[in-house]
Amino acid sequence: MSGLKDTLSGLLANFDKGQLVGIDIGLSSVKMAMMSKYKKTYKLESYAAVDLSEAAIIEDEIQKPDEIIDAISRAFTQIKSKQRICCIGVDGPNTMTKRMQVSDGTAEEVEDNVLWESEQYIPFGVEDSEIDYFVIRDIKDQDVKDVLVVAARNDISEKLISYTKEAGLIPKVVDLKSIAISNVFEQAYPDRLDELSENGTIIVDFGAQTTTVIVYKNNGPVLTREIPYGGVLITEEIQRQMGLSYEEAEDLKKSGDENGNLPEEIMGIIDDKVVSLMEELRKILNFYIAAGSSEQARFCFATGGGALLPGIVETLSELVGVEVEYLNPFETIEFNQKNFSEDEISYIASSGVVAMGLGLRKV
Ligand SMILES: Nc1ncnc2c1ncn2[C@@H]1O[C@H](COP(=O)(O)OP(=O)(O)OP(=O)(O)O)[C@@H](O)[C@H]1O
Ligand SMILES: [Mg+2]
């Protein structure tokens, strides 16, 4: 989605690489990825994640713009990028994707058809939104085009654009985070993609505040949904039940006690919250997980920091009825060996997918 169109093309004069810096402003941290491409292979050159405080973002609203701007600017210093042109990710209730088939025709006719058809699906006002679409495939015998429409309300993009500019970067493209995940998925598994795409693949991103679900089929996402439910709920419950600060609760959840063990109380809290989240996932995925359904997805991948919660992948696997794999971008995407330790790479593999996907974008 090229949300900003080419209003900034004059700024490209000093730009020689083509690859945009990917910026994922998540609830728990601002993540930034700089990728490069040589022939057909992408490489992660550098990456940074700057943690945000507990109340920097609440329910999709940025409460502390200065903290976000500062985090973007610190992450940018850390990735040591010479070029400042970036792609920002958006998500939340004021964004949407819709896979649809429209009558074929000239490019202009297809665009008209897409806009006309999309209107009914956009719950937040077409006139205040940027709408874009990709043709995923031509279905020649039916004379239709299979397209993916993406839309985002202008005000959410504008806010992030302005923070990013204040941090000294040059935003050029706004893209949906779910599309970024789907792009990494395609890059990561080129040899398996036909099979994954034909049989249907569920991808779940377990974030701090949002769980994003994508069903990928017939060469692109057929469904993307966000559930406002994530790791923070577990942290807050640990905080409440055990009388700890937010940071202490977060630490305990991620690293366990001094011996690295998770106290039973915490296991209980995690299990409860995971069960509730799975119920939400079941509602969304019903059609794709029902045994015997012709649409049943045969593969499932998990990503996001929350995918590291003990037991969550196993519980997801019971729900979807197929084995769940961790989405590993480094299956195919390379990384600059000088810049990363093994631990860093395994951490980025889980929480850096969105930033990397945004960094795959070129101008
Ligand atoms: N080892 C771990 N065990 C359990 N939970 C973890 C672990 N590491 C990270 N998390 C949790 O993952 C979440 C952060 O993941 P991630 O970075 O993917 O979220 P985010 O992108 O900031 O959030 P969102 O996508 O909702 O805006 C936090 O809730 C954090 O507590
Ligand atoms: Mg996230």
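In this text, all values refer to a predicted model and were calculated from it rather than measured experimentally.

Asker: So, the domain arrangement of the protein chain: which residues are in play, and what are the values?
Answerer: Interface size is commonly expressed as the accessible area that is lost once the parts come together. Per the domain assignment, the segments of the protein chain are domain 1 (9-93 + 154-190 + 332-359), domain 2 (95-149) and domain 3 (226-325). Using only C-alpha atoms to locate each centre, domain 1 and domain 3 end up separated by 25 Å. In this complex, domain 1 contributes 11 residues to the contact, which on the side of domain 3 involves 9 residues. For the pairing of domain 1 and domain 3, the buried interface totals around 780 Å² over both sides, and the portion due to carbon and sulfur atoms is 61%. There are 0 salt bridges connecting domain 1 and domain 3. In this structure, the connection of domain 1 to domain 3 is made through 3 residue pairs in polar contact (both at pLDDT 80 or more).

Asker: Mind laying out the site of ligand 1, listing which residues take part and the relevant values?
Answerer: Inspection of the region around ligand 1 gives 21 residues, with Leu27, Ser28, Gln209, Glu250 and Lys253 positioned closest. For ligand 1, whose unbound accessible area comes to 650 Å², protein coverage reaches 91%. Broken down by secondary-structure element, the contributors of at least two residues to the shell around ligand 1 are β2 (29-38), α6 (231-242) and α7 (246-255). Its residues assigned to classes, the shell around ligand 1 shows 6 nonpolar, 11 polar and 4 charged. Inspection of the shell around ligand 1 shows a minimum of three residues originating in each of domain 1 (9-93 + 154-190 + 332-359) and domain 3 (226-325).

Asker: Describe in detail the sheet that holds strand β6 (residues 85-90), supporting the description with residues and values.
Answerer: With respect to topology, 6 strands assemble into an open sheet ordered β10-β6-β1-β2-β3-β16, the strand pairing being mixed. With partners counted over all chains shown, the strands left at the sheet margins are β10 (170-176) and β16 (334-335), one partner each. As judged from the 10 bridges shared by β2 and strand β3 (residues 41-51), these two strands associate in the antiparallel manner. Across the sheet, residue Ser29 finds its bridge partner in β3, namely Asp51. Each of β1 (21-25), β2 and β3 is contacted by helix α1 (residues 65-79), which is oriented at about 135° to β3, the strand it contacts most.

Calculation rules
Residues numbered from 1 in each chain as written. Chains lettered and ligands numbered in written order. Predicted model: local features only at pLDDT ≥ 70, side-chain atom pairs only at ≥ 80, totals over all residues. Heavy atoms only, no water. Domains from an automatic or database assignment. Contact = heavy atoms within 4.5 Å. Buried area = accessible area lost by both parts, 1.4 Å probe. Salt bridge = Lys/Arg side-chain N within 4 Å of Asp/Glu carboxyl O. Polar contact = N/O pair within 3.5 Å; in protein donor to acceptor, adjacent residues only side chain to side chain. Near = heavy atom within 4 Å. Areas by Shrake-Rupley, 256 points an atom, 1.4 Å probe, with all protein chains shown as cover. Helix = DSSP H or I, 4+ residues; strand = E, 2+ residues; numbered from the N terminus. Nonpolar A, V, L, I, M, F, W, Y, C, P; charged D, E, K, R; others polar. Pairing = 2+ DSSP bridges. Axes fitted to C-alpha atoms, helices over the stretch in contact; angles between N-to-C directions.

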